[in-house]
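# Summary of the model geometry
Given next are the chains, with one letter for each unit.
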Amino acid sequence: MQISAQKVRFSSTDIKRIYLEAFPKSERMPFFLMVAMSKLWNTQFLGFYDGDDPCGLIYLASNRKMVFVMFLAVDKRLRTKGYGSAILQQVKEMYPHKKILVSIEPCDDFAADLTLRKRRKAFYIQNGYRETGFRLKLNGIEQEILILNGEFVKKEFRSFFLFYSAGSIYPKIWEQKQSKMPS
């Protein structure tokens, strides 16, 4: 396996297919908006290819101190073959001195897809990510925050969102051990 990254364009129908198959409509951003946002200095939308074959994608934002991976997907026919780890490795090489954060659906006992959630979390843990003990809520969806490189700082992460969104996104962030999410 030898993967290479290419900027995603409006015409990247192969990457769009992977994206639409991987994420439920309620969790997706419009594809055209992701491509448009990737033209900004702090946003990357990359498609990954094994030769000419599309294998996955990543959509992330960064600042001086951190990177937030918003979307990572591997073609459903290629999962469990090491492509996701290879993509994460490339991100680690692109940003060797920055904190890299991801958010995943929490592995709460009542989740209907608990097995899938546990597998996803194990994938990130195997790739060096650690639990932060924090959760966030974006667009009504609760997520657990994982980190690679450094310690999680709630204020720093919230500032990241405020800067990235020009003040339009102010996520709720709280420690998991709290019994109830603050308002």
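Report follows, based on the coordinates. (Residues numbered from 1 in each chain as written. Predicted model: local features only at pLDDT ≥ 70, side-chain atom pairs only at ≥ 80, totals over all residues. Heavy atoms only, no water.)

## Thoughts on the pattern of salt bridges
In a structure, side chains of opposite charge can pair up when their charged atoms sit close to one another. Convention followed: What makes a salt bridge here is a side-chain nitrogen of Lys or Arg within 4 Å of a carboxyl oxygen of Asp or Glu, nothing more. Under the DSSP-based scheme used, a helix requires at least four consecutive residues in state H or I and a strand at least two consecutive residues in state E, with every element numbered from the N terminus. The cut-offs for exposure are 20% and 50% of the maximum accessible area for each residue type, with area from a 1.4 Å probe on protein chains only; residues under the lower value are buried, those over the upper are exposed, and the others partly exposed.
In the structure shown here, the tally under the stated rule is 13 salt bridges. Notably, a salt bridge pairs Arg-17 with Asp-75, separated by 2.9 Å at the nearest N-O pair. Residue Arg-17 is found in helix H1 (residues 13–22), and its partner Asp-75 is found in the loop between strand S4 (66–74) and helix H3 (83–94); the two are separated by 58 residues along the sequence. Exposure remark for Arg-17: the relative accessible area of 26% places this residue in the partly exposed category. Glu-156 is the salt-bridge partner of Lys-65, the closest N and O atoms lying 3.8 Å from each other. In this pair, Lys-65 sits in the loop between strand S3 (53–62) and S4 while Glu-156 sits in helix H5 (residues 154–164), placing the two residues 91 residues apart along the sequence. Overall, Lys-65 belongs to the partly exposed group, its relative accessible area being 42%. Connected via shared salt-bridge partners are Arg-17, Glu-21, Asp-75 and Arg-77.

## Looking at a nonpolar patch on the surface
To keep it simple, the criterion reads: Patches in this entry comprise residues that are over 30% relatively accessible and not in a salt bridge; like charges within 9 Å are linked, as are nonpolar side chains (Val, Leu, Ile, Met, Phe, Trp, Tyr) within 5 Å. Surface exposure here means Shrake-Rupley accessible area, sampled with a 1.4 Å probe, where a residue is shielded only by the protein chains that are shown.
A cluster of nonpolar residues, Phe-10, Phe-32 and Leu-33, forms a patch on the protein surface that exposes about 320 Å² of accessible area. With respect to the helices and strands, Phe-32 occurs in helix H2 (residues 31–37). Accessibility expressed as a relative area gives 55% for Phe-32, which makes it exposed.

## Some words on the nonpolar core
Keep this limit in mind: In this description, a nonpolar core means a group of buried Ala, Val, Leu, Ile, Met, Phe, Trp, Tyr and Cys residues linked to one another through side-chain atoms lying within 4.5 Å. Every residue pair with non-hydrogen atoms within 4.5 Å of one another is taken to be in contact.
Ranked by internal contacts, the top residues of the largest apolar core, which has 28 residues, are Phe-45, Leu-57, Leu-101, Ile-145, Phe-152 and Phe-157. Where this core is concerned, the elements lending two or more residues are H1, H2, strand S2 (43–50), S3, S4, strand S6 (130–138), strand S7 (141–148) and H5. Apart from residues lying up to four places away in sequence, Ile-145 is in contact with Leu-101, Val-102, Ser-103, Arg-130, Glu-131, Thr-132, Phe-134, Arg-135, Leu-136, Phe-152, Phe-157 and Ile-173. Of all hydrophobic cores here, the second largest spans 22 residues; its members include Cys-55, Ile-58, Val-74 and Leu-88.

## What to know about the sheet that holds strand S8 (residues 172–175)
Which entries qualify depends on this criterion: Strands are labelled as partners when DSSP assigns at least two bridges between them. In this description, a line fitted to the C-alpha atoms serves as the axis of each element, helices being fitted only across the stretch in contact, and the angle between N-to-C directions of two axes falls anywhere from 0 to 180 degrees.
In space, the eight strands of this open sheet follow the order S1-S2-S3-S4-S5-S7-S6-S8, with mixed pairing throughout. The open sheet terminates on both sides in strands that have one partner only, identified here as strand S1 (3–7) and S8. Pairwise comparison of adjacent strand axes, ignoring direction, gives a mean angle of 30 degrees for this sheet. Strand direction decides the pairing type here: S6 and S7, joined by six bridges, are antiparallel. Pairing of Lys-137 across the sheet is with Glu-142, part of S7. Packing of helix H4 (residues 114–126) onto the sheet brings it into contact with S4, strand S5 (99–104), S6 and S7, and relative to S5 it is tilted by some 170 degrees.

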